[in-house]
Amino acid sequence: MTTYLKMDAPQPRHLDETAQGVLGAPQDRPEGPLKVSGRAVYAAEHELDNMADGFLVRATISKGRVVRIDEASVKAMPGVLAVISDERFLRNPAQGGAGAAPVQGAAEVAYFGQPIAVVVAETFEQARHAARSLKVEYAVEEADVDPETASKVDTPDRRQLDQGDIAAAMGDAPHAVDVTYTTPVQSSAPMEPHASIAEWDGDRLILRGSYQMLKFNRAELADSLGISAQNVRILSPYVGGGFGSKLGIAPEAVAASIAAQELGRPVRVVMARQQVFEGTMRRSETRQRIRLAADTEGRLTALGQEDRVSNLVGESFSEPTAQATHFLYGGENRRFKQEVARVNRTCAGSVRAPGEAVGMLALECAMDELAEAAGLDPIELRKRNIPDLHPESGIQYSARSLAACLDEGARRFGWSERSPEPGQRREGEWLIGLGMATAARANVLSEAQARVTLHPDGTALVETDMTDIGTGTYAVLRQLVAEMLGLPSEKVEARLGDTDLPPGPGSGGSWGASSSGSAAFLACRGIRQMLATKLGCTADELRLQDGTATGGNLRAPLADLLTDGPMVEEGHLVPGTTAKEFSQASYGAHFAEVAVNATTGETRVRRMLGVFAAGRILNEKTARSQCQGGMVWGIGAALTEEIAHDPRDGHIVNRDLAEYHVPVNLDVPQIEVAFLDERDDAACPIQSKGIGELGISGAGAAVVNAIYNACGVRVREYPATLDKVLAGLPAL
Amino acid sequence: MRPFDYIRADAPATATKEAGAGARYIAGGTNLLDLMKLEVMTPERLVDITRLDLRDVERTPEGGLKIGALVTNSDLAAHPDVRRDYPVLSRALLSGATGQLRNKATAGGNLLQRTRCYYFYDPAQPCNKRDPGSGCGAIGGFNRIHAILGASEHCIATHPSDMAVAMRALDAEIEVEGADGAGRRIPIADLHRLPSDTPQDETTLAPGDLITAVILPPPAKNTFQAYRKVRDRASYAFALVSVACVLRMDGDRIGGVALAFGGLAHKPWRDPEVEATLTGESPSDDLFDKAADTLLREAQGQGGNDFKIPLARRTLKAVLREATQTEAAA
Ligand SMILES: Cc1cc2nc3c(=O)[nH]c(=O)nc-3n(C[C@H](O)[C@H](O)[C@H](O)COP(=O)(O)OP(=O)(O)OC[C@H]3O[C@@H](n4cnc5c(N)ncnc54)[C@H](O)[C@@H]3O)c2cc1C
Ligand code: SF4
């Protein structure tokens, strides 16, 4: 049977009444020991009988056509089995949630590094060498590689909004800032490179891959190959980081599938690190003009965010830069505009917290600038501008603890010690400053199904095709089921990452835990109803703890209620009208202390604090890890991360982890994370909200605001590398 | 990776005998293997020298130090004599790469590591160093990490080593055994070349030359030694600018100074005129500015690396202030 819920109304807090007391506890990941001891088998690590290895061939032009692939140039090389280039090849990965093939074809080249063929050989080394030796002839066309000068620019309707008269409001206001910020292209650079092993059994395809959203990936892969989704099974039990780059089916999966079918043997295609940079989704660069005006009380009268981003021709995705700006602060006169430059660069798509991750870098620094212009404390300015109702649609907010996060953060961090005037604290060569920023990330719920089985021996199993991309899904689902069924967590097993299991929402947009958790919750509610009936009480009276059921004055061990065998129930959650009736988001406050070197302009983050409220916290440990990880990304966005493109042909220059600088241990100080107690009844039946992307949203702005406070240099071009700080420092 | 032959040498003489044109020695492999996977380097034959008996650090009769070519960067940095007598070297080593890499990387390999120029690393790009005559992709391209001193119109790459910069300030000598079995010593100043019109020729070594040791002269007494590295993140990044400094005060005047620079040129950069400007003078900000003027008199930015010019000046001044305990001018 299935317990079904459409989220059309706020839900009661059942989980505040259950007895086991494990939900929210900082429990370890059940699969953790496997991962740290190397026993968790990731996609590329499967060794199948008779498996061949494929290596993708990259286009070495930015735009044009492949005229000829000289197979003969490599066919005779040792171990080479095939050179395959097929019209079903993917130009770029599918966008998250597409559920259908992206642009296909291997002849038309749209960006430097696009996969145009796969060379298959007996070993990986042979395939790689042959792929590098393959001679390809192109008909080169002139490419648009610079978003600022691109000849084709779209203005998607959904991203334009004019409310009131922003120009007049800016002119009339006693305090106004009109500033332009830029953010660079970034890469999610997951530790595990993208990899797929394809194996055919007749007309059935099994793909072992590293993917985030299996329900969609299955449909995308089937559509790409022109076969029925019934004939595709994807296995992805462990994913070594995705961050959006593994949302949609990618070229390596399709190439492996086609090659495996052609050769009649399993084929593995693993992307080299350089290919991960060139061929998986990038985060678009942004140029953002922010306009803010405030009255004498510091209340916003105008707010504008106009941005230019870029993508390939034919991609509907555009970075939702202003996503949080729409709901975060008030101001009657509002203007939002977006331009999407069509460029011959690697495809742009979702990278951790699309929208907020870059939009808030600009907005939250501009707010800092406005606070200074208005002579207000930056926290006070933000608190004065928390709107009662959504400033555009007029709908109400669901649980929103922003003010409490700001206050609690200020108290914990010692914000009162900050001098509003920059450059006041010096320790030797180092200038010390404090900065803060709001954290906000829109909350999304996604359709999810899960199956729960309660066994007579007092163990339970929860199954869904949901993935754990390092986020803690195994731990959280197990804990949730343990709580609902009154079992110790060790008695519950979670099985994930297999399309043969009930379709979950996939990992993306921070909706995974709430959506799949709600599905598991619903399945457990169905089982609780069955148990109550068996025991002879109502579901409301039923109390489950440590394998014993009580209700009214009845009491029985679970085994006694399961004499007919296991109880099985599916939960099915569907988003409903609460998504439209409430503005839903997770909130928080970021604080950073930095030291800027007065000689060199180098910045070191000395401490960071994030105070967050994201509804019910399901596992305090995995939630904390998510927030810390997000804040580390904030440090990267603020200080180091930037994909550099050659100005002439647009190719990605820094294609490895030596030159694409993610923060390393020494860049990351002690990071403190605190959660405020919150329940969001409108979000989902378990009252939780998204957390995986909250920690990054705004974090980098706190760092850059701290740089300003430290040394008086306002960097508006992310990342704030030492050369940009240096340019504003006084002579030595 | 191109298929290659692999030979394991058991003595320097067999190593040099096996190594000829088309062959490469492999030590820690931390640079060579990366470049082979990318097919930037495609040796036909690898001569593994890791079994050679070149792992000792010994005192020389003159009171200096002889560092075997296979001493790892970690071991060298931690060696008590190095820490005591040549702290600039220890600090330079520890500022490089990561703990894992330093455990593998050797003294010989570190000296001969290749540039990190992005265009050199991508066989689809023109690069005179990798593919002579193909052009230089970095000129007119993205050149944040490139040279401001001693570059040519054919190549603007930098030498990435930190260790070598410290060794340059210490006047190290490189002990080499040639293919004919004869040994010789090369001052480190003469080991690396400027790019001129043959950037593919990075050193004065002949094919098959094996570095067997690095010789440090006896330690200078009463010196201030520092290695200051400026980079894009706190660790695990190459130097944008680095300064190795060995300075001796003579009363309130600078008695002697050696300054070597990383991140600026195709080789560890040392300029006798900079040192002459400083020697015998009493330290002041004006003097340090003069030294910086001298250092940078022919500096040329390429656009993306223009910032290295002011950065080198500021870093040099800060190091000299620290070395001479001079307060900043108010
Ligand atoms: C990601 C990354 C970051 C790094 N960061 C830094 C840094 O910040 N600072 C820094 O200084 N270095 C850095 N390094 C470079 C590192 O120091 C070098 O890779 C290392 O020192 C090379 O030593 P090896 O023994 O591994 O050399 P190998 O890779 O084995 O050899 C390098 C070259 O030297 C030749 N060779 C080796 N030994 C001899 C010998 N005895 N005689 C003749 N030829 C020989 C080889 O043939 C080869 O051409 C970094 C490296 C990486 C991968
Ligand atoms: S700077 Fe030197 S190494 Fe770099 S592309 Fe030019 S020639 Fe090649």
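Residues numbered from 1 in each chain as written. Chains lettered and ligands numbered in written order. Predicted model: local features only at pLDDT ≥ 70, side-chain atom pairs only at ≥ 80, totals over all residues. Heavy atoms only, no water.

Considering the UniProt feature "domain: Aldehyde oxidase/xanthine dehydrogenase a/b hammerhead" (unreviewed entry) in chain A
Working step 1: In this numbering, the UniProt entry assigns the feature "domain: Aldehyde oxidase/xanthine dehydrogenase a/b hammerhead" (unreviewed entry) to residues 37-142 of chain A.
Working step 2: When the span residues 37-142 of chain A is considered, its composition is 13% helix and 32% strand, and the gap between its end C-alpha atoms is 50 Å. (UniProt positions renumbered as here; feature names shortened; annotations may be inferred. Helix = DSSP H or I, 4+ residues; strand = E, 2+ residues; numbered from the N terminus.)

Here's the deal with the pairing of strand 18 (residues 300-311) of chain A
Residues and elements named next belong to chain A.
Working step 1: Counting buried positions along strand 18 yields 11 of 12 residues, so the element is predominantly enclosed.
Working step 2: Note that strand 17 (residues 286-294) and strand 18 share eight bridges and pair antiparallel. Residue pairing in the sheet places Leu292 in a bridge with Leu303 of strand 18. (Buried < 20%, exposed > 50% of the residue type's maximum accessible area, 1.4 Å probe, protein only. Pairing = 2+ DSSP bridges.)

Observations concerning the site of ligand 1
Working step 1: Around ligand 1, the structure places 36 residues, and the nearest of them are Tyr25, Gly29, Thr30, Thr106 and Asp162 of chain B.
Working step 2: At the site occupied by ligand 1, nearby residues are drawn from chains A and B.
Working step 3: Contacts to ligand 1 include Gly28 of chain B, whose backbone N or O atom sits 2.8 Å from an oxygen atom.
Working step 4: Side-chain polar atom of Gln113 of chain B to a nitrogen atom of ligand 1: 3.4 Å apart, as the coordinates give it.
Working step 5: Elements that contribute at least two residues to the shell around ligand 1 include exactly strand 2 (23-26), helix 2 (32-37), helix 7 (107-112) and strand 8 (210-216) of chain B.
Working step 6: At four residues, the largest contribution of residues to the shell around ligand 1 is made by helix 7 of chain B.
Working step 7: A class-by-class count of the residues in the shell around ligand 1 yields 18 nonpolar, 12 polar and six charged.
Working step 8: Counting residues domain by domain, the shell around ligand 1 receives three or more from each of domain 1 (5-49) and domain 2 (224-329) of chain B. (Near = heavy atom within 4 Å. Polar contact = N/O pair within 3.5 Å; in protein donor to acceptor, adjacent residues only side chain to side chain. Nonpolar A, V, L, I, M, F, W, Y, C, P; charged D, E, K, R; others polar. Domains from an automatic or database assignment.)

Comments concerning the domain arrangement of chain A
A common way to state how big an interface is: give the accessible area lost once the parts meet.
Residues and elements named next belong to chain A.
Working step 1: Along its sequence, chain A is carved into domain 1 (2-40 + 446-575) and domain 2 (393-442 + 581-731).
Working step 2: Facing the 31 residues of domain 1 at the interface are 26 residues of domain 2.
Working step 3: Looking only at domain 1, the three residues that lose the most surface to domain 2 are Arg13, Ser510 and Ser514, adding up to 23% of its buried area.
Working step 4: A salt bridge links Arg13 to Asp681; the shortest N-O distance between them is 2.8 Å.
Working step 5: Summed over the shared surface of domain 1 and domain 2, the result is 13 residue pairs in polar contact (both at pLDDT 80 or more).
Working step 6: Where the side of domain 1 that touches domain 2 is concerned, the elements lending two or more residues are strand 1 (2-7), helix 12 (473-485) and helix 13 (512-535).
Working step 7: It is helix 13 that provides the largest number of residues to the side of domain 1 that touches domain 2, a total of five residues.
Working step 8: Taken together, the residues of the side of domain 1 that touches domain 2 sort by class into 14 nonpolar, 12 polar and five charged. (Contact = heavy atoms within 4.5 Å. Buried area = accessible area lost by both parts, 1.4 Å probe. Salt bridge = Lys/Arg side-chain N within 4 Å of Asp/Glu carboxyl O.)

Quick word on the interface of chain A and chain B
Working step 1: Contacts between the two partners involve 43 residues from chain A, matched on the other side by 38 residues from chain B.
Working step 2: Summed over both partners, the interface of chain A with chain B buries about 3300 Å², with 54% contributed by carbon and sulfur atoms.
Working step 3: The largest per-residue losses of area from chain A upon contact with chain B belong to His129, Glu659 and Leu732 of chain A, which jointly make up 17% of the total buried on that side.
Working step 4: Here Glu429 of chain A ties to Arg228 of chain B by a salt bridge, and the two come within 2.8 Å at their closest N and O atoms.
Working step 5: There are 18 residue pairs in polar contact (both at pLDDT 80 or more) connecting chain A and chain B.
Working step 6: Listing elements by their share of the side of chain A that touches chain B, those giving two or more residues are helix 3 (124-133) and helix 18 (722-726) of chain A.
Working step 7: Here the side of chain A that touches chain B takes four residues from helix 3 of chain A, the largest share from any one element.
Working step 8: Residue composition of the side of chain A that touches chain B, grouped by class: 17 nonpolar, 11 polar and 15 charged.

With respect to the sheet that holds strand 31 (residues 585-597) of chain A
The pairing of strands in a sheet happens through backbone hydrogen bonds and is either parallel or antiparallel.
All names here are of chain A.
Working step 1: Taken together, the five strands give an open sheet; going across it, the order is 21-22-31-32-33, and neighbouring strands pair in mixed fashion. This sheet does not close on itself; its edge strands, each paired only once, are strand 21 (425-427) and strand 33 (670-675). With strand direction ignored, the average angle separating the axes of adjacent strands in the sheet is 25°.
Working step 2: Bridge count between strand 31 and strand 32 (residues 603-613): 10 bridges; the pairing is antiparallel. Within strand 32, the position partnered with Val594 by the bridge is Val605.
Working step 3: Along the sheet, helix 11 (residues 402-413) makes contact with strand 22 (430-442), strand 31, strand 32 and strand 33, crossing strand 31 at roughly 30°. (Axes fitted to C-alpha atoms, helices over the stretch in contact; angles between N-to-C directions.)

What about the UniProt feature "domain: FAD-binding PCMH-type" (unreviewed entry) in chain B?
Working step 1: With numbering aligned to this structure, UniProt lists the feature "domain: FAD-binding PCMH-type" (unreviewed entry) at residues 1-221 of chain B.
Working step 2: The span residues 1-221 of chain B is 24% helix and 16% strand, and its two end C-alpha atoms sit 49 Å from each other.

Some thoughts on the domain arrangement of chain B
Working step 1: What the domain assignment lists for chain B is domain 1 (5-49) and domain 2 (224-329).
Working step 2: The C-alpha-based centres of domain 1 of chain B and domain 2 of chain B are spaced at 36 Å.

Brief notes about the packing of aromatic side chains
All names here are of chain A.
Working step 1: Here the structure, examined in full by the defined rule, presents 12 aromatic pairs over all chains.
Working step 2: Judged by centre distance (5.8 Å) and plane angle (65°), the ring pair of Phe55 and Phe124 falls under edge-to-face. Note that Phe55 is positioned in strand 2 (residues 52-58) and Phe124 in helix 3, a separation of 69 residues in sequence.
Working step 3: Overall, Phe124 belongs to the partly exposed group, its relative accessible area being 23%.
Working step 4: Plain terms: the ring middles of Trp415 and Phe591 are 5.6 Å apart, the flat faces sit at 70° to each other, and that makes the pair edge-to-face. Note that Trp415 is positioned in the loop between helix 11 and strand 21 and Phe591 in strand 31, a separation of 176 residues in sequence.
Working step 5: By relative accessible area, Trp415 is classed as buried at 6%.
Working step 6: Using a relative accessible area of 0% as the deciding quantity, one classes Phe591 as buried.
Working step 7: Members of the aromatic cluster, connected to one another through ring pairs, are Tyr42, Tyr238 and Tyr474.
Working step 8: Sitting over the ring of Trp633, Arg352 keeps its end group 5.5 Å from the ring centre.
Working step 9: Positioned above the aromatic ring of Phe413, the side-chain terminus of Arg607 is 3.8 Å from the ring centre. (Phe/Tyr/Trp six-rings, centres within 6.5 Å; stacked < 30°, edge-to-face > 60°. Lys NZ or Arg CZ within 6 Å of the ring centre and 35° of its normal.)

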